[in-house]
Amino acid sequence: MKIHEYQAKNLFKKNGLPVPKGRVTSNSEEAIDISKEIGFPSVVKAQVHVGGRGKANAIELVKDEESCEKASKRILGMDVKGFPVHSVLIEEAANIDKEYYLGLILDRNLKDNILMVSAMGGVDIEDVAENHPESILKIPLNFSSSIEDKDIEKVLSFLKLKDSLKAGFVDVLKGLVDVYFQNDAQLAEINPLVLTKEENWLACDGKVLIDDNALFRQQELKELKEDLESNEIEREAHKKGIAYVKLDGDVGIIGNGAGLVMTTMDEVSRAGGKPANFLDIGGGAKKEVMEQCLEVIYSDAQVKGLFINIFGGITRCDEVARGLVEVLKTREKSIPIVLRLAGTSSEEGRAIIEPLDSVITAETMSEGAKKIVAAMS
Amino acid sequence: MSILLTEETKIIVQGITGREGRYHTKAMLDYGTSVLGGVTPGKKGQNVEGLPVFDTCREAVLETGANASVIFVPAPFTKDAIIDAADGGVRLIVCITEGIPFQDMVEAVAHVKKKGACLIGPNCAGIASPGIGKMGITPSAILKKGSVGVVSRSGTLTYEVVEGLSNLGIGQTTCVGIGGDPILGLTFRDLLEMFENDEDTEAVVMIGEIGGSDEENAAEYISQMTKPVVSFISGRTAPPDKQMGHAGAIISGGKGTADSKVKALKDAGVPIMDTTGEVLQKIKSLL
């Protein structure tokens, strides 16, 4: 789960990390009030779930009320790489001397958490990793949820910080480790971590990614999640516990198992169609679950056809078929539907569907993909 | 022979008194699997499918002589279950449960390694060795004994391929689901090495998906194998930054793309098929 910059900074603040003074708002008048309160110059920053805001002109330094109003209005009305801006963070502008990078991330290959530090902050760390790998220090945390003193020493000597700056830096480092573990994050980074001309440390931008699997024990963050889902259909589907991702095509997809659903999307694309969604009904879905899934698909006005691809294991194909029959009863006119059933109770499932003229059946996944694309053209 | 799950494997089921645990214990027994007991803390003395239930894996191992466990406990308690298994002397742990916090898995995987045990999963279909037994949820009806090894990150997609192979008269030595999470026990490379060393396995199917770099890491090893490996990657049309069901199936920061996996496999000379149908035909042509 992605959270916004201002939400990440709230987590930082809770753990005593130094962040610039500021507040979030969704209207330009309040933006001016906040700016006046913290003093000019200040920065207006779009709060969207996408990187590269600087290049996209979604961050602006403002020097007075007039430019603050103009910038807030402009940014609040814009769309960054397809993400509409609903709120802006107004912050004091830091007096930057130097920019660092500090991050913790879950490393799939090492099966461990690693700490990454670099004196080349303020730019995309992936670009730094590619072009200047020697300027990044990576330290595995050795399966522990804290950082050892000897590793802190390594970091300090790598960054060649002068003595008077060390204590403040170590506080930031330890604070970030706490933010990471206390919130079940899979990524927590400060970029840039600014050293100001007044020799203070300031977390000027932050990014935190939360592990969705851990939300059952992160009640506060769980509440954030519900607010953060921008797409209405996704929000409704997730409320019902359905694994659904909205995509931009017109072929609705229903399947069981993430790998099979992804492959079904791939097959539809190969056949010349464009998937409208990813929807996994999960293992052992009953008729009622299938009905709910179909309602989700029907709530997407972009969907012009539907391919249902089920390989029965724990899931019984007859349950899926019954759910489909039930929902079709309530609809006068249906979009084209292709149904492919294989595995557990597929014979029974096909028998249930047989009387329905509106449902096209397919033997294999490839055949089904071709049939739905043909039926829609 | 088969890998991991062999004639010597004796199994206990952790979470045997739960709904999933009961259902699949019966299915595993029906398939002829050597399941000897189960574990649910606080439920010692109960019986499930005629099998004794214990409080801990240590007790279960001592009483039954089991050397393997399959886990169906709910996600919030799975870390403790894995650690209990490793501490109890279980050598092979198969974790079916999905939705386990990543940090729990970091701790559990490190612990299993320290104890010298093997972990498969989590969030997987488990292991099936046709003719011997199954540890997990793979439907028994699609399995057929034979000479192809199957290793995959996905459950139902594996069923699709396994049933296809069986329908063509091509059987399997062992089918392993390694799981769809970012932090896993054994990975593709580990399993490929086991298949390479298994005398009955003649060819291997590897089914990967977007996210992580497990497929890339396996590619180089495959190029040194004596046995043919046919591969498939799902999610080739999935957009970046969207998690496709599996916690691990996400392209983020330009990493874990299907293109990168396809390229790594192609560069290593591994046949990579565009559809599951082509996987079946390729395997058929190799045997």
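Everything quoted here is computed from the prediction, not taken from an experiment.

Calculation notes
- Residues numbered from 1 in each chain as written.
- Chains lettered and ligands numbered in written order.
- Predicted model: local features only at pLDDT ≥ 70, side-chain atom pairs only at ≥ 80, totals over all residues.
- Heavy atoms only, no water.
- Helix = DSSP H or I, 4+ residues; strand = E, 2+ residues; numbered from the N terminus.
- Buried < 20%, exposed > 50% of the residue type's maximum accessible area, 1.4 Å probe, protein only.
- Contact = heavy atoms within 4.5 Å.
- Areas by Shrake-Rupley, 256 points an atom, 1.4 Å probe, with all protein chains shown as cover.
- Lys, Arg positive; Asp, Glu negative; His and termini not counted.
- Charge placed at Lys NZ, Arg CZ, Asp CG, Glu CD.
- Rg over C-alpha atoms; globule rule 2.2 N^0.38 Å.
- Buried area = accessible area lost by both parts, 1.4 Å probe.
- Salt bridge = Lys/Arg side-chain N within 4 Å of Asp/Glu carboxyl O.
- Polar contact = N/O pair within 3.5 Å; in protein donor to acceptor, adjacent residues only side chain to side chain.
- Nonpolar A, V, L, I, M, F, W, Y, C, P; charged D, E, K, R; others polar.
- Pairing = 2+ DSSP bridges.
- Axes fitted to C-alpha atoms, helices over the stretch in contact; angles between N-to-C directions.
- Phe/Tyr/Trp six-rings, centres within 6.5 Å; stacked < 30°, edge-to-face > 60°.
- Lys NZ or Arg CZ within 6 Å of the ring centre and 35° of its normal.
- Expected span 1.5 Å × (residues − 1).
- Arc of directions from axis to C-beta.
- Core = buried A, V, L, I, M, F, W, Y, C linked by side-chain atoms within 4.5 Å.
- Parallel < 35°, antiparallel > 145°, perpendicular 65-115°, else oblique.
- Left-handed = near helix turned anticlockwise from the far one by under 90°.
- Domains from an automatic or database assignment.

Observations concerning the overall build of chain A
In terms of regular secondary structure, chain A is built from 13 helices and 18 strands. Overall, chain A is about 80 × 50 × 40 Å in size when its C-alpha atoms are taken along their principal axes. Put simply, chain A has 377 residues, and 52% of those count as buried. Excluding contacts between residues fewer than 6 apart, the proportion of contacts in chain A whose partners are at least 24 apart in sequence is 67%. On chain A, roughly 16,900 Å² of surface is accessible, and the fraction owed to carbon and sulfur atoms is 48%. Charge-centre separation for chain A: the mean point of 48 positive side chains lies 2 Å from the mean point of 63 negative side chains.

A short note on the overall build of chain B
Helix and strand counts for chain B stand at 9 helices and 14 strands. Relative to the globule expectation of 19 Å for 287 residues, the C-alpha radius of gyration of chain B, 18 Å, shows essentially globular dimensions. Summarising its shape, the C-alpha atoms of chain B cover approximately 55 × 40 × 30 Å along the three principal directions. Taking all 287 residues of chain B together, the buried fraction comes to 62%.

Considering the interface of chain B and chain A
Counting from both sides, the interface comprises 57 residues of chain B and, opposite them, 47 residues of chain A. When chain B packs against chain A, close to 3,800 Å² is buried across both sides, 58% of that on carbon and sulfur atoms. Our count for the contact surface shared by chain B and chain A stands at 4 salt bridges. A salt bridge links A:Arg340 to B:Glu160, with the shortest nitrogen-to-oxygen separation between them at 2.8 Å. Taken together, chain B and chain A are joined by 16 residue pairs in polar contact (both at pLDDT 80 or more). Broken down by element, the side of chain B that touches chain A gets its largest block of residues, 6 residues, from helix α4 (residues 102-114) of chain B. Classifying every residue of the side of chain B that touches chain A by side-chain character gives 24 nonpolar, 21 polar and 12 charged.

A closer look at the sheet that holds strand β3 (residues 59-62) of chain A
Residues and elements named next belong to chain A. Read from one edge to the other, the open sheet built from 4 strands follows the order β1-β6-β2-β3, with strand pairing classed as antiparallel. With one partner strand each, in any of the chains shown, β1 (22-25) and β3 form the two edges of the open sheet. If you compare each strand with its neighbour and ignore which way they point, the axes differ by 20° on average. Here 4 bridges tie strand β2 (residues 42-46) to β3, and the two strands are oriented antiparallel to one another. Paired with Lys45 across the strands is Ile59, a residue of β3.

Some words on the pattern of salt bridges
Residues and elements named next belong to chain A. By the definition in use, this model includes 45 salt bridges over all chains. We note a salt bridge from Lys154 to Asp151, for which the minimum N-O separation is 3.5 Å. With Lys154 and Asp151 both in helix α5 (residues 149-159) and 3 residues apart, this pair spans about one turn of that helix. Given a relative accessible area of 44%, Lys154 falls into the partly exposed group. Of the residues examined, Asp151 reaches a relative accessible area of 5% and is grouped as buried. For the salt bridge of Asp318 with Arg316, the shortest nitrogen-to-oxygen distance reads 3.2 Å. When its relative accessible area of 34% is taken as the criterion, Arg316 is described as partly exposed. Residues joined by salt bridges that share partners form a network here, namely Glu5, Lys9, Lys45, Arg53, Glu91 and Asp205.

Quick word on the packing of aromatic side chains
Aromatic ring pairs: the centre-centre distance and the angle between the two ring planes describe each pair. Residues and elements named next belong to chain A. For the structure on display, the rule yields 4 aromatic pairs over all chains. The positively charged end of Lys98 is found above the aromatic ring belonging to Tyr100, 5.0 Å away from the centroid. The lysine or arginine in question, Arg331, covers the ring of Tyr298, its NZ or CZ lying 3.8 Å from the ring centre.

Brief notes about helix α3 (residues 65-76) of chain A
All names here are of chain A. Between the first and last C-alpha of α3 there are 16 Å, a value that for 12 residues agrees with the 16 Å anticipated at 1.5 Å per step. All of the buried residues along α3 are Cys68, Ala71, Ser72, Ile75 and Leu76. Projected down its long axis, α3 carries its buried residues within an arc of 120°, all on one side. Projecting away from the buried face of α3 at angles above 90 degrees are the exposed residues Glu66, Lys70 and Lys73. Contacts from the buried residues of α3 go to β1, α2 (28-38), β2, β3 and β6 (88-92).

Notes on the nonpolar core
B:Ile120, B:Leu192 and B:Met244 are the most contacted members of the largest nonpolar core, which has 93 residues in total. When residues of this core are assigned to their parent elements, the largest contribution, 6 residues, is made by helix α9 (residues 258-270) of chain A. The contact partners of B:Leu192, leaving out residues within four places of it in the chain, are B:Val151, B:Val204, B:Met206, B:Ala218, B:Tyr221, B:Ile222, B:Met225 and B:Val229. One finds A:Leu137, A:Leu159, A:Val179 and B:Ile71 within the second-largest nonpolar core, a separate group that totals 71 residues.

A word on the packing of α5(A) against helix α6 (residues 163-182) of chain A
Residue and element names in this part refer to chain A. Between α5 and α6, the least distance of the axes is 11 Å, while the angle of their chain directions is 125°. In terms of their interaxial angle, α5 and α6 are classed as oblique. In this structure, α5 crosses over α6, and the sense of that crossing is right-handed. Here Ile152, Val155, Leu156 and Leu159 of α5 lie close against α6, whose contacting residues are Lys166, Phe169, Val170, Leu173 and Lys174. Broken down by class, the residue content of the contact of α5 with α6 amounts to 7 nonpolar, no polar and 2 charged.

Considering the domain arrangement of chain A
On domain assignment, one finds that chain A holds domain 1 (21-92), domain 2 (96-215) and domain 3 (231-376). On a C-alpha basis, the centres of domain 1 of chain A and domain 2 of chain A stand 26 Å from each other.

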